[in-house]
Amino acid sequence: MRIVPTYNSEGLASKMSSIMEIPLARVTRRRFADGELYIKIEEELDESIVVGSTYPDQGIIDILLTHNALKNAGSKRQILVVPYFGYARQDSMFQPYEAISAKVISDILYERFEKIFVVNMHSPEGMAFLKDKGIEIRAEVIIGEQVAKDDNDIVVSPDDGFIDEARNISRVSGKEAIALEKKRISDTKVQISIPDDIKLDGKRIALVDDLISTGGTILEASRILKQHGASKINVYCIHGLFISGTSKYSGFVDSISTTDTIEGPFSKISVSNLVATKLREYLFL
Ligand code: R5P
């Protein structure tokens, strides 16, 4: 068996390889002059664990070509780990005749892989598209452990959508969890308010969310929390996309910690042990 990272998950795959004592496959990956991807597996193998996110778009092409090259190299068994499942947010038709991207991507993966492990899919609806092949890995425990280690008084979710996860983080960290109220105005703008009965004077906040994309949610939540007397804002999120860079957060929040589902300057919390444990259970290793 070999672990085979796509281009966006090399760090995580290499940690998994050390923990699971399964070597990384030897792969040649390069781009043609026009930017198209070329992949060659440099050894024969019988079983493989592909590690790759479906974000950005080229991650999807990388998974598909890696799968095909592995098949051609003899891999009869292919398991996929998707650290960050891109395209998961459009998990239904919010307006008539929209493409349901979570289903499209799930169908493509379903027909190719034996099992598909996903770290914190955006919604249960998205996970359901993977039917019997999908296994979700939940990262709230490791976020909760980090929240407990840092100086925090209260766990705050920016909206209702993440409150169950915030409660799980609260159970692990021993800090109370509350949710703010969020209304999305546009792709980049949100309006956030704090329920009247909540007092935050001098409190050190662990602001938790599943995803930081434009950062609109986290920055607006931080502004409102400070306005209501919070003394410190530590941000924790599972998937840190940071699509408009990371510089704009300094001065607004005191710290940012994300997992390494997407590798970047704030990926301080690794999901490698969680993923390795789930894979071992499945593979009886
Ligand atoms: C919303 O459903 C998610 O939990 C995140 O709050 C959201 O996707 C973050 O996006 P942004 O960083 O663009 O506000």
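Residues numbered from 1 in each chain as written. Predicted model: local features only at pLDDT ≥ 70, side-chain atom pairs only at ≥ 80, totals over all residues. Heavy atoms only, no water.

Draft legend 1. Representation of the domain arrangement of the protein chain. Domain parsing of the protein chain yields domain 1 (2–138 + 271–283) and domain 2 (140–260). Inter-centroid distance (C-alpha atoms) of domain 1 to domain 2 is 28 Å. Contacts between the two partners involve 13 residues from domain 1 and, on the opposite side, 12 residues from domain 2. Between domain 1 and domain 2, a total of about 1100 Å² is buried, with carbon and sulfur atoms accounting for 53% of that surface. Applying the counting criterion to the domain 1 and domain 2 interface returns 3 salt bridges. Here Glu140 and Arg138 are joined by a salt bridge, their closest N and O atoms 2.9 Å apart. In this assembly, domain 1 and domain 2 are joined by 8 residue pairs in polar contact (both at pLDDT 80 or more). (Domains from an automatic or database assignment. Contact = heavy atoms within 4.5 Å. Buried area = accessible area lost by both parts, 1.4 Å probe. Salt bridge = Lys/Arg side-chain N within 4 Å of Asp/Glu carboxyl O. Polar contact = N/O pair within 3.5 Å; in protein donor to acceptor, adjacent residues only side chain to side chain.)

Draft legend 2. Focus on the packing of aromatic side chains. Inspection of the entire model under this criterion finds 5 aromatic pairs. Here the aromatic rings of Phe32 and Tyr38 are separated by 5.8 Å at their centres, their planes lie at 85 degrees, and the arrangement is edge-to-face. On the accessibility criterion, Phe32 (36% relative accessible area) is partly exposed. Residue Tyr38 is classed as partly exposed on the basis of its relative accessible area of 26%. (Phe/Tyr/Trp six-rings, centres within 6.5 Å; stacked < 30°, edge-to-face > 60°. Buried < 20%, exposed > 50% of the residue type's maximum accessible area, 1.4 Å probe, protein only.)

Draft legend 3. Main features of helix α6 (residues 163–173). Listed in full, the buried residues belonging to α6 are Ile163, Glu165, Ala166, Ile169, Ser170 and Ser173. Projected onto a plane normal to the axis of α6, the buried residues spread over an arc of 155 degrees and lie on a single side. Counted as exposed and oriented over 90 degrees from the buried face of α6: Asp164 and Arg171. Residues of α6 that are buried sit in contact with α5 (140–149), β8 (154–157), β9 (176–179) and β12 (204–212). Backbone geometry just downstream of α6 places Gly174 in the positive-phi region, at approximately 80 degrees. (Helix = DSSP H or I, 4+ residues; strand = E, 2+ residues; numbered from the N terminus. Arc of directions from axis to C-beta.)

Draft legend 4. Representation of the environment of Lys175 in the model. Along the chain, Lys175 turns up in the loop between α6 and β9. According to the relative accessible area criterion, Lys175 is partly exposed, its value standing at 24%. The sequence separation of Lys175 and Ala148 amounts to 27 residues, and the corresponding C-alpha distance is 7.8 Å. Those residues in contact with Lys175 that sit more than four places away from it in its chain are Val147, Asn152, Asp153, Ile154, Val155 and Ser170. Side-chain polar atoms of Lys175 contact the backbone oxygen of Asn152, separated by 3.4 Å.

Draft legend 5. Main features of the sheet that holds strand β4 (residues 47–51). Strands sit in the order β1-β4-β5-β6-β7 across an open sheet of 5 strands; the sheet is parallel. Only two strands of the sheet have a single partner each, and these edge strands are β1 (2–5) and β7 (134–137). Neighbour-to-neighbour, the strand axes of this sheet turn through a mean angle of 20 degrees, independent of strand direction. Relative to strand β5 (residues 77–82), β4 is paired through 5 bridges, and the arrangement is parallel. The partner of Glu47 across the bridge, within β5, is Arg77. Sheet strands touched by helix α2 (residues 57–72): β1, β4 and β5. Its angle to β5, the strand with the most contacts, is close to 160 degrees. (Pairing = 2+ DSSP bridges. Axes fitted to C-alpha atoms, helices over the stretch in contact; angles between N-to-C directions.)

Draft legend 6. Main features of unusual backbone geometry. In this structure, the amide linkage connecting Tyr55 to the following residue, Pro56, adopts the cis form with an omega of -15 degrees. Mapped onto the fold, Pro56 is located in the loop between β4 and α2. The backbone phi angle of Asn120 is positive, close to 30 degrees, even though this residue is not glycine. When its relative accessible area of 5% is taken as the criterion, Asn120 is described as buried. Despite not being glycine, Phe242 has its phi angle at roughly 45 degrees, a positive value. Positionally, Phe242 belongs in the loop between β13 (232–240) and β14 (255–259).

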